[in-house]
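Residue strings, one per chain:
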Amino acid sequence: MQVDHVDISGLPLLNTDLEVDGGFPPAVEAFRAKVRAADCFLFASPEYNYSISGPLKNALDWGSRPPNCWGDRAAAILSASGGSGGSRSQYHIRQVGVFLDIHFINKPEIFTKAHVAPKKFDDDGNLIDPETKEMLRKMLLSLQALALRLQGKPVNSAQGNGESMLPFIS
């Protein structure tokens, strides 16, 4: 499985006045092309005020503009936050995903309580907690299996050959 990080920091705030003759601003066109090219999606998001971060919601909305780029593909969500581990934001992402026709895996769910021992991340932000790493491994395998099923491919066809491509959207 190949995981590509998709930087959404350069997306302008959604404004349909920026759509000209069926086209989008260059940053949005590039983002939408990456979304269309992906087999599945991994959303990583903190929780802000019990909900989705503004930049992620903006990216979801730009991708939803006709024609919807997200539809009929697999996705998974992980979050790291304070006491809730980001659970409320994940449920809001799922709600938006219903409209976008995204198919989310159900398990495992990863709600990382980033400030609870043992230490989850090193000083550079790298995941170091073995238990969380194992949950992430299982999540990626589940995501890959769902993506392959939705594509009508045998679930074991991509084992170890990097066939699936998924953007990491944070």
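Please read these numbers as outputs of a predicted model, since none were measured by experiment. (Residues numbered from 1 in each chain as written. Predicted model: local features only at pLDDT ≥ 70, side-chain atom pairs only at ≥ 80, totals over all residues. Heavy atoms only, no water.)

What follows concerns the environment of Gly86. Residue placement: Gly86 occurs in the loop between strand S3 (73–81) and helix H3 (87–100). Judged by its relative accessible area of 0%, Gly86 is buried. Taking the C-alpha atoms as reference, Gly86 lies 9.7 Å from Ala114; in sequence the two are 28 residues apart. Apart from residues lying up to four places away in sequence, Gly86 is in contact with Glu47, Ser79, Ser81 and Phe111. (Helix = DSSP H or I, 4+ residues; strand = E, 2+ residues; numbered from the N terminus. Buried < 20%, exposed > 50% of the residue type's maximum accessible area, 1.4 Å probe, protein only. Contact = heavy atoms within 4.5 Å.)

Quick look at the UniProt feature "domain: NADPH-dependent FMN reductase-like" (unreviewed entry) in the protein chain now. The UniProt entry lists residues 2–110 under the feature "domain: NADPH-dependent FMN reductase-like" (unreviewed entry), expressed in the numbering used here. Taken end to end, residues 2–110 comprises 34% helix and 21% strand; its first and last C-alpha atoms sit 20 Å apart. (UniProt positions renumbered as here; feature names shortened; annotations may be inferred.)

What follows is about the pattern of salt bridges. For the structure on display, the rule yields five salt bridges. Across the pair Lys57 and Asp61 runs a salt bridge whose closest N-O atoms are separated by 2.7 Å. With a gap of four residues between them, Lys57 and Asp61 both fall in helix H2 (residues 54–64), about one helical turn apart. With a relative accessible area of 31%, Lys57 lands in the partly exposed category. Put simply, Asp123 and Lys119 hold a salt bridge, and the shortest N to O gap is 3.4 Å. The exposed category is assigned to Asp123, whose relative accessible area is 73%. (Salt bridge = Lys/Arg side-chain N within 4 Å of Asp/Glu carboxyl O.)

Attention now goes to the pairing of strand S2 (residues 40–44). The two faces of a sheet get side chains in turn, since along a regular strand they alternate between them. Of all five residues in S2, five are buried, a share of seventy percent or more. On S2, burial covers both faces: Cys40, Leu42 and Ala44 on one face and Phe41 and Phe43 on the other are all buried. As defined by bridge partners, S2 adjoins S3 across five bridges and the pair is classed as parallel. Across the sheet, residue Ala44 finds its bridge partner in S3, namely Leu78. Between S2 and its parallel partner S3, the chain crosses via H2, and the hand of that crossover is right-handed. (Pairing = 2+ DSSP bridges. Right-handed = clockwise from strand over helix to strand, strands pointing away.)

What follows deals with the nonpolar core. Counting 24 residues, the largest nonpolar core has Phe31, Phe43 and Trp70 as the members making the most contacts within it. Listed by contribution, the elements that provide at least two residues to this core are helix H1 (26–37), S2, H2, S3, H3 and strand S4 (102–104). Broken down by element, this core gets its largest block of residues, four residues, from H2. Listed in part, the twelve residues of the second largest apolar core include Cys40, Ala74, Leu143 and Ala147. (Core = buried A, V, L, I, M, F, W, Y, C linked by side-chain atoms within 4.5 Å.)

The subject of this paragraph is the side chain of Ser79. Following the sequence through the fold, Ser79 ends up in strand S3. Overall, the relative accessible area of 3% leaves Ser79 in the buried class. Residues within four places of Ser79 in sequence aside, it is in contact with Ser45, Gly85, Gly86, Ser87, Ser89, Gln90, Ile110, Phe111 and Thr112.

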